[in-house]
Structures are given as C-alpha cells and as structure tokens.
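# Coordinate analysis (summary)
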Amino acid sequence: MTTLLEEQVQAKVDLPLLQNIHKAVALDEYYVMGHRTCAGCGPALSYRLACKAAGKNSIFLGPTGCMYVANTSYLCVPWAVPWMHTQITDGGAVASGISAAYEARIRKGKYKGTFPNIYVFAGDGGSSDIGLQAASAMMYRDHDAIFVCYDNECYSNTGIQTSAQTPYGAWTTFTPPGPKIPEAKKLWPKDFARGMIALHPGMQYTAAASISYPVDYMNKIRKAANVHGAALVHVHAICPKGWGLRANQVLLCGKLAVECGTFHLFEYENGEYTYQYQPKAFKPVTEYLKIQDRFAHLKPEHHQKIQEFINQGLKRCGIKIPVEAV
Amino acid sequence: MKERYKKYTIEIPEEMSIPFAGIVESPKPNGEQPLMLTGGWRIYRPVVDSEKCVMCKSCVLACPDATVLLVDGGNKIGFNLDYCKGCGLCTWACPVNAIDRVPELDFEDGVPFQDALFLLPHVEALYADD
Amino acid sequence: MANAPEDVKLKRQAEEDAGALADSRTGTTKFLTGLGAAAHALKMADIDVASSYPIRPYTGLMMMLSMMAARGELDLEFVHGEGEHAQLGIAHGASSAGARALTGSSGVGVMYAMEVYSPISGGRCPLQMVIADRTLDPPGDFGSEHTDALSTRDQGWLLGWAHTPQEVFDNTLMFYRIGEDPRVYLPQMNCQDGYFLSHIPMKVVVPTQEEVDAFLPPLQFPDALDPENPLGHGPQLFPGQGHILEASRVNAMMGAFPVIDEVVNDFNSRFGTSYDPFVEQYKCADAEYVLFISGGHAYTAKFAVDHMREKGMKIGLVRTRWVRPWPTDYLADILTKFKAVGVVETNNSFGAARQCGILTLEVATTLYQAPKKPVLTAFMAGLGGEVIRLDEFYYMGDVLKDAAAKGSTERTAYWIGFHNV
C-alpha cells in the first residue's frame, strides 16, 4: 500500500497497455545504444524493453552484475532516466528508501512533481540468492516499486558461476562436469517468482515474462508499474556466453524454454494465475537442451531427470497440458 | 582552520577531475552514449531487403542495442552502424528472411578496413599525433 | 574559542570550572536519556525517512521515532528494515532521492552494514546514523565499547562522540548541518555510549522549533534521483581514475574542518553554548599530564580529575569530539604542552602496534613529528562495557604522574582489571 494522500495517488498516471508491436515500437528509447554488453545480450534486451515500456517517469536501480558493470564502463551510462548503482545485496532496500523518500517528500510538500515508477533491475543472484532478503523485504513492506529479476540463470558478470537459479545439469565455472560429477550441477533451481508469491500474499501483481515475447513483457512491466504497491516481474533473459549459444540464437532459446514448459509465462493477481502460452502440448525438453553447450555433457538419464522435473513443475502449478514424447 | 588542513588535501588538476561523487549526465531519450561506441565489434553486418520486408518491426524489438531503426519517414528499416554489434538477433527475428548477415569484409567501409574509428575519445587522443 | 587569545581562554576555563557557564542556555528543560535527546533533536530536524531494526541498546531511539510518527508529531516514513545492512541501504536510497534520512544501530549491527558505508560516503549522501555503542560479539555483552563505530573509521564518514545527553541533542543538529553543507556532503555517525548515555537520563535544555529551523535549513541535494533531472549515480570509473576519486573524498573530509569550525561557533552564538568545535580541554591550563578520552566516560573522568586536583595532582582531561576527521594539528598543539598523555581506550584492536587501542594509534601519529613529545601510554578500561570507576581513574592518574616525573612508562598499555589490582 502507499501512504500518499488520495489526490497524489491519482496524480501517478497509469501507463496504458500496448495493443500491438507497432505501439510498442513507437515508444521512446530510454536505454540507448552505447553499452559494453555482449553482442546478443539477453539481459541488455530485457533492460531496453523495460526502459522503453517504463518511459520518462522512472528511476532505475542497478545492483552489481552484468547490467551494472557492462553498462557503465566507463564513467558513462546508457540510461536516459535517473539510474543508481546499488550493492548486489540491497537492490530491494535502496528501492524501498527511494520510494519512502518520495512518499515523505511529496506528502510534506518538499517535492512538487509526480511519484516516479521505481524499478530494481537485478540479476538472478541479486534477486534469489544474495539479494533475496532485500527483495523479499521490499515486497513485504509493499513499497510502491517494481522488482525486476533479469534471469540469466548464473552469475554472469563474474565469469559464469552458479546461482540459485542455475538449472540442474548446467555447466558453470563452479559446476564443471567431470567423472565425479557427471551431471555438473546436482542442485535444482529455486522457483523465485512463485516463492515470492507464496511469501508475500499481499503483493498485488507478479508476472513471469521472456525477451522472446517482447510485447507481452513490456505490458507486464507497465502493469507492474501501475500497481500502487510492490510488484515483481521475472524475465527470462538468455545469456549467449554463459549458456554456450551463438548470439543470434538467443531469442530462439527463449522461445524453446517457453515451448518446452521449463519457463512459464504467467501473471498472478487477485489470487489467480493466468498463463499466456498454452499450447496443445509442450515440446520435449531435449529440443531446448540440445542448442546449449552448457548442457552438452549430459546423458539421456540426465535429460530424463530434467524432463521429470519439468513434468512435476507443470503438475505442481496446475498446468494441465501434456508434454510430447521425444 | 582551512589553511591548517589544506596541506592534507590533494590538488586535482582540471584535466583529471571527475564529476562530483562520480555522478554522470544521462544521454537523451532516443539518443546514444558516444563514450561506448560498439560498431567496431562487428564481423557480420545486417542488410535488409526492403522488397521482402513487410514492416512487421519484429527486428526493431529484437535488438539489445536499439540500433534497428525506422528510417525514411518510418517506412523502412535501417541500422545504426556506429553501434550495431552484428549479433544477428534481428536477422533471426525476421519472419520473412528479409535481413541478411553479410561479412564486414565484403564492404568497402567494413570494420576491418577502418583506421581510427570506434575509439573512445581519450584513446583516440593518445594516437592523435601518429 | 579555538582561536581566542590565551588570556581569554584561561578566563573562560576558570568560569567553566566555577560552573558559571552551566546555565547560559535558554529553552525548555527536559530530563532525557541520550536516545531521547537524539529523538527530540531528530523530530525538530524534521527528518523524512528513518530505517529501523531492533538491536540493544539503540532500539529505544527507533521506538520513540515510531511513536512520534504514529502520534502525528513528526511526519516520517518509518521503514522496517529487515536487518542493519538493509537499514543502511534504505537510508542510502532515501538520501540519494533527496530526503533527510536517518538510521542507527549498535555493536554487531554496525558491523553487518559494513559493505554499504563506503558506497554511501563515496556517493556523498549526507545521511545520519545514530550509534549507541555496544561491545562486539563474542560474547554478546550489551555494555559499551567503541570498537563497533571505530571499526568503520576508514569508510569516509564523519565520526564523533558525545559525552552527555545534552551533547547528543546538540550533535544531532550540528552533524546534519555540517554533513549537508554543500562544501562537505558527507554522511555522519553520531555516537553515544550504549547504556551510559543511551539509557541514563540527564538534564537537556531544548531550544524552540524556530531556533532550530534558523540553525538547520532544509536539505538541498541538487543531484538527487529525479525523473525531471536524469543523472547516473555510481558508474564504473576508468582504470586510472581510482586515485582521483579517492583524492576527492579526502578533500571532502579535509574540507569539513572549516565547516565544523563555522557551524559549531554558529551553534554556540545562537544557543549560548561553549563547545570547542573539535577538542574539549578540561582543567588543562596548568596540567602537566592529561587523560585523553572520547565519549561518555569523560563525564566520570571529569569528577575524577576534580578529586585528583584537590589532592594537588596537576592533571587535566582532553576530550576529542571527533575521530573523523581527526583534528591532527590542533591536537598536536594541545598534547605537546604536557609531559604525559594517557589514552583511555574503551575499544580494542587485537594485534595493533604496541598492542594499544585504536585512539592511541591516532594520537601516536599525531605526535610523531613533534620536536618535544609527551610520554604516551594507553589505559584499556571499561572493556566488556563495564563502568570505569573513580578509583580506576585515580590509578590512571597515578601512572601518569609517575610517567611525567620519570619521562617514561613501564607499559605501552595498562589494563584495568589486571594492572591496577
């Protein structure tokens, strides 16, 4: 909830939803060309689309990660909106402070403008691992701010190490495969978005999106901003370097993740889930795994385990869509 | 008091100074960040066939660097070659295969033939007298 | 007072000793603990955002602020931080967005937030942290040692100690004014001994809101995060610019000296106080040896000094109000007048040079280039948060008297509890 007086609440203008790609393309760019992210960087695309959707009345926060380091080399930034670096540990905390500052200053007449939309743009590490505490607290306190997790399923910036959202079986520099550990990574990843939903029943809006479905993602950013309170957007942001793909396959990879049912596109509001991708059947996960070098060492028994985990996930989430046989 | 402790301060010459608290200016919307020119990374250049193109604009939303542009009054697709990294996402995103990935070596002004472009200004300054 | 001629200073000293200046303040007299004094001052400073987290003994400050907010006495965004690290993060965000921000902690809580201190001071965010000192774990003792706040002394914050609740009240206002000055823009740690100051009430004279408003204007932070004026806070630097950024932070800290002087003198003239901006000298005019101290135990020490002087000992007390910036040259002028200096240390640094406490290291460096140096020793006292008793101060006085006569001491550090028994 927000403590702003009613008329000040009304003053925060809702961002209209985008009917089609042409409306989306017509929006101004607030994450401009000129940053040192890898060619084909999924997180960079997710940042660009988010800033484009967010518009002028925004403040973006960058916990340490690729979307800090690769974007601010050197002594320059690509954001045409106010932006601030935070520690990887405290994106949620800094957003809370900025939100509280605007609440106080508007209410006390020290700031005459409109309440801004405040976005944390944190990687999966800065969201579900080292940043989990601050993310959760921001949502629990229901500050009027949006927590965006750009999920490239590893700590990319430091050279591809495992995070709590790295999938089972994935190579990283902390989970190399070898005779002792043929599957490379033995641990199953956290379900960050659903975990946050369960932990914060008061949170008004949570969405999962993908860069491969850009207009859907941009609308989710806008809906999250329109909420007067905390909101979460979890965006799948493929990392060509970390996952072992050629740059031009990044969007294909994101599409396959959704088509195989390993990344679900959804919105959660008013106690209900709605799913934006509902095929007749999901593709077998091997379609997704085979284009990524980080899974190249896996054997059929590992593929099977991964498929079972996905099937269980669909069941757990009440998604009654079958998976095609291999 | 000021004078007594001045001896512990450091004279920072004007040309070395950095902004207060490291706070920098933001670029303009729809603009660019010229301190990080990235066009020099390219191995392949995207080239659009305007005959095939149906202006669906999927390519525009596929570019992490916002270098796929609407040109010619919004009727054609163009590319900002100062920044395009040649990643090929726009090429993949096109549903009608209207974009080709052409090796930079095939162009007279291809990246490997450039002398001193795409350098950060302060690096360029280092080579100014060569 | 620092730059006043010698005879004026001596006259002032005599007046102080006679208690003649004690009641030259006007205002409402309240009976407040150190935390209560801070809370009152913060209310009058119209802080915008406070981030809380409970830890003994500073928690009472946040309890009082939340009550003031709930009763409508203070328009405050009271944010329940999820930990001390978060408290600092929240305050960092609030300050970067142009709000007057406040946080606080004690003991290990101060340590938990360690990561964020340098980003905040490097980001030049003028927020304030009220610290009620507490011994670090182990063993989880609640009493006061200064090691918690002192451990942050390298992180670029202004860092100072009060020795009475009245001084806590006054420092709270002065620190905001100094830190928010455009020539400074640095965060401040406003320290008071846990329990001894934080929980024991004493007389505090509170000025009117008009007087406070005239002394402390609203915060101006032109580069605040604001969509009307987009800026990028905290990008990477070019390799080769690190030393430039650090030099600018040194310059900010050194630039605080004239501002501290100006602000404290302004405070004195408005409120009828007589603070030396940097260092209090108590009965030093004819002293041959002095106790050097910071913080609440100075209050007890003054009584001990009085009693020792009655017995004919030529002892005085030098109390530094600031640890950062350390008033090097000013202190060197003062301390070189004496034959012996004993630093009362309620802190520790295991393995430090000469195995003294932290302040002794600073004092030794202060005296390093003096042509005539006093004998220097340390008194490790009040450790574990214990009271420093009058008889323990008398012991210190005896050691110093001996040192002044002999020109040396046996030990680099005398431990109360071991060497005085």
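All of the points below concern the structure found in this document. (Residues numbered from 1 in each chain as written. Chains lettered and ligands numbered in written order. Predicted model: local features only at pLDDT ≥ 70, side-chain atom pairs only at ≥ 80, totals over all residues.)

## A word on the interface of chain A and chain C
Spelled out, the test is: Here contacts are defined at the residue level, using C-beta atoms placed from the backbone and a cut-off of 7 Å between them. Each helix is a run of DSSP H or I of at least 4 residues and each strand a run of E of at least 2, with the numbering of both proceeding from the N terminus.
Taken together, the contact pairs 43 residues of chain A with 39 residues of chain C. Only strand S1 (58–63), strand S2 (83–86), helix H5 (91–107) and helix H7 (132–140) of chain A provide two or more residues apiece to the side of chain A that touches chain C. The element contributing the most residues to the side of chain A that touches chain C is H5 of chain A, with 13 residues.

## Things to note about the packing of helix H8 (residues 165–180) of chain C against helix H10 (residues 242–271) of chain C
Residues and elements named next belong to chain C. Filter applied, for reference: For every element, the axis is a line fit to its C-alpha atoms; helices are fit only across the contacting stretch, and the angle between N-to-C directions ranges from 0 to 180 degrees. Should an angle fall under 35 degrees it is called roughly parallel, over 145 degrees roughly antiparallel, and 65 to 115 degrees roughly perpendicular, with every other angle called oblique. Two helices that cross are described as forming a left-handed crossing if the nearer one is turned anticlockwise from the farther one by less than a right angle, and a right-handed crossing if clockwise. All residues other than Ala, Val, Leu, Ile, Met, Phe, Trp, Tyr, Cys, Pro, Asp, Glu, Lys and Arg, Gly among them, are scored as polar; the first ten of these are nonpolar and the last four charged.
One way to put it is that H8 packs onto H10 with a least axis distance of 10 Å and a crossing angle of 135 degrees. What the angle tells us is that H8 and H10 run oblique. Handedness of the H8/H10 crossing: right-handed. Contacts from Asp 170, Met 174, Arg 177 and Ile 178 of H8 reach H10 at Ala 256, Val 259, Ile 260, Val 263, Val 264 and Phe 267. Class assignment of the residues belonging to the contact of H8 with H10 gives a composition of 8 nonpolar, no polar and 2 charged.

## Section: the interface of chain C and chain B
Rules: In this description, strands pair whenever DSSP reports at least two bridges between them.
Every contact between the two is made by 23 residues of chain C and, on the other side, 17 residues of chain B. Looking at the side of chain C that touches chain B, the elements that each hand over two or more residues are strand S9 (231–233) and H10 of chain C. If one sorts the elements of the side of chain C that touches chain B by residue count, H10 of chain C sits on top with 10 residues. Class assignment of the residues belonging to the side of chain C that touches chain B gives a composition of 11 nonpolar, 8 polar and 4 charged. Alignment of strand S1 (residues 23–25) of chain B against S9 of chain C, held across 3 bridges, turns out to be antiparallel. Directly across from Glu 25 of chain B, in S9 of chain C, lies its bridge partner Leu 231 of chain C.

## Section: the sheet that holds strand S12 (residues 315–320) of chain C
Residue and element names in this part refer to chain C. Judged by pairing direction, the sheet is mixed, and its 6 strands sit side by side in the order S10-S12-S11-S14-S15-S16 without closing on themselves. This sheet does not close on itself; its edge strands, each paired only once, are strand S10 (279–282) and strand S16 (413–415). Averaged over all adjacent pairs, the angle separating strand axes in this sheet is 25 degrees, with direction ignored. Here strand S11 (residues 289–293) pairs with S12 via 5 bridges, running parallel. Pairing of Tyr 289 across the sheet is with Ile 315, part of S12. Strands in contact with helix H13 (residues 358–367) are S11, strand S14 (340–345) and strand S15 (375–380); relative to S14, the strand with the most contacts, it is inclined by about 155 degrees. Against the sheet, helix H14 (residues 390–406) engages S11, S12, S14, S15 and S16, with an angle of about 150 degrees to S14.

## Examining the sheet that holds strand S3 (residues 117–123) of chain A
Spatially, 10 strands are ordered S8(A)-S7(A)-S5(A)-S6(A)-S4(A)-S3(A)-S1(A)-S2(A)-S9(C)-S1(B) in an open sheet, and the strand pairing comes out mixed. In this open sheet, the two edge strands, each paired with only one partner strand, are strand S8 (272–275) of chain A together with S1 of chain B. For this sheet the average axis-to-axis angle between neighbouring strands, irrespective of direction, equals 15 degrees. In this structure, S1 of chain A lies alongside S3 of chain A, joined through 4 bridges in parallel fashion. Counterpart to Phe 60 of chain A in the pairing with S3 of chain A is Tyr 119 of chain A.

## Focus on unusual backbone geometry
As a rule of thumb, non-glycine residues mostly have phi less than zero, and peptide bonds are mostly trans rather than cis. A cis amide bond links Arg 56 of chain C to the next residue, Pro 57 of chain C, at an omega of 0 degrees. Turning to its location among the elements, Pro 57 of chain C is positioned in the loop between strand S2 (49–52) and helix H3 (59–70). Here Arg 324 of chain C and Pro 325 of chain C are connected by a cis peptide whose omega angle stands at 0 degrees. Counting through the fold element by element, Pro 325 of chain C comes out in the loop between strand S13 (322–324) and helix H12 (328–335). Residue Ala 184 of chain A is not a glycine yet carries a positive backbone phi of 70 degrees. Within the secondary structure, Ala 184 of chain A sits in the loop between strand S4 (146–151) and helix H8 (192–199). The residue Asp 72 of chain B is not glycine, and still its phi comes out positive at about 55 degrees.

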